[in-house]
Amino acid sequence: MTSLAEMLMGLERVDPATLAAPLPSSLGLSHGPVSSSSLTTPVAVSHPELIAAAASPSSPIAVFFFGPPVARKASSNRVKHVRKSTNSVLAGTIAGAMEICITYPIDYMKIQLQLDARSTTPRFKSMADVVKQTFQNHGIRGLYRGLNVAVLSPKAVVRFGAFEQLKKLNVNEKGQLSSTATFMCGLGAGAFEAIFAVTPIESIKIKFIHDLNFSEQKYNGLFHGVRSIVKQQGLKGIYQGVIPTVMKTSTNQAIRFLVVESLKDWKKKGDPRAKVNKGLTALFGAIGGIVSVFLNTPLDVLKSRMQGLEAHKYRNVVHCAYQIGRKEGPLA
């Protein structure tokens, strides 16, 4: 609308006959009857009047040049939706990469302890001992072994993208999700994340970390490691442990989204238009993460064992759980 108004700024006089002339019939619009006396003499129209006429979404000029308001609104909504989706993907990618870089040493320690079978003499006594031995043998770089693999994972984008799409399909007329629907949307989002983003990356990453525990390391870098895994085990080596990964990731996200969304609804007091500030959103996310990790640790242990370099000892996830429980006890 602004460009048309600027075009009209240079006009001093306008012939009403031009404005009163009928528009093409394809537009389905009509100005209505116009008296002949109004067409005889040009009438001076001031700039503000021209601008106001041009700026009106339903004015004949606007409709003629830019189409009906409904069409323009639909086009505008599509542009906004694409822009919002692009921003969400970009934000999710950046947030996911930052999350991985900050928390990776903790993830490294967790995986080392999960791979350390208690049926034999444990290699590590505690998280502090993992750090100590890693520093002694591999330096600080050892704590970041496999980071270059993990950063490639688009799991945050897949997770939140899938959840938002599933959420749109399940909200009620008020735009709200029930607790059951939230849990199921989180379950679905976690399954998508596990299959398309988590399993290949986690399988490679865990093998890289486990490789540090042997005197002769198999992998000399990202490309050499991936090539060696595919050459020796095929695509099965990349997707090793997919079942426990889907079980762990889907239930993890179901619990996390249920906790976070429930806390948000509690804060909004039933008003879907209310906003939750960023500080509380971060706090709710931390609470959801703590609860989900605490409840999903057993599945996480199974996933790590099934994706490590000694996964050949287990026939399947059930056999893995049985062997760990029988030889190492429930606290393993």
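Residues numbered from 1 in each chain as written. Predicted model: local features only at pLDDT ≥ 70, side-chain atom pairs only at ≥ 80, totals over all residues. Heavy atoms only, no water.

## Focus on the overall build of the chain
Reasoning step 1: The helix and strand tally for the chain stands at 14 helices and two strands.
Reasoning step 2: Burial statistics for the chain: of 332 residues in total, 36% are counted as buried.
Reasoning step 3: Within the chain, residue pairs in contact and separated by at least 24 positions form 69% of the contacts whose partners lie at least 6 positions apart.
Reasoning step 4: Roughly 19800 Å² of accessible area belongs to the chain as shown, and the carbon and sulfur atoms make up 64% of that amount. (Helix = DSSP H or I, 4+ residues; strand = E, 2+ residues; numbered from the N terminus. Buried < 20%, exposed > 50% of the residue type's maximum accessible area, 1.4 Å probe, protein only. Contact = heavy atoms within 4.5 Å. Areas by Shrake-Rupley, 256 points an atom, 1.4 Å probe, with all protein chains shown as cover.)

## Observations concerning the packing of aromatic side chains
Reasoning step 1: One pass over the structure, following the stated rule, counts five aromatic pairs.
Reasoning step 2: Where Phe163 meets Phe257, the ring centres are 3.9 Å apart and the plane angle is 5°; that geometry is what we call stacked. Of this pair, Phe163 sits in helix H8 (residues 155-170) while Phe257 sits in helix H12 (residues 242-268), and the two are 94 residues apart along the sequence.
Reasoning step 3: A relative accessible area of 1% means that Phe163 is categorised as buried.
Reasoning step 4: The class of Phe257 is buried, set by a relative accessible area of 6%.
Reasoning step 5: When the ring of Phe192 is compared with that of Phe196, the centres are 5.9 Å apart and the planes differ by 25°; the resulting orientation is stacked. Highlighted residues: Phe192 and Phe196, both in helix H9 (residues 179-211), separated by four residues, approximately one helical turn.
Reasoning step 6: A relative accessible area of 42% places Phe192 in the partly exposed class. (Phe/Tyr/Trp six-rings, centres within 6.5 Å; stacked < 30°, edge-to-face > 60°.)

## Some thoughts on a nonpolar patch on the surface
Reasoning step 1: Where nonpolar side chains cluster on the molecular surface, the patch consists of Leu283, Ile287, Val291, Phe294 and Leu295 and spans about 470 Å² of accessible area.
Reasoning step 2: Within the secondary structure layout, Val291 lies in helix H13 (residues 278-307).
Reasoning step 3: The class of Val291 is partly exposed, set by a relative accessible area of 31%. (Patch = residues over 30% accessible without salt bridge, like charges linked within 9 Å, V, L, I, M, F, W, Y side chains within 5 Å. Salt bridge = Lys/Arg side-chain N within 4 Å of Asp/Glu carboxyl O.)

## Regarding H12
Reasoning step 1: The end-to-end C-alpha distance of H12, which contains 27 residues, comes to 38 Å, matching closely the 39 Å that a straight helix rising 1.5 Å per residue would cover.
Reasoning step 2: Phi for Lys269, located one or two positions after H12, is positive at around 55°. (Expected span 1.5 Å × (residues − 1).)

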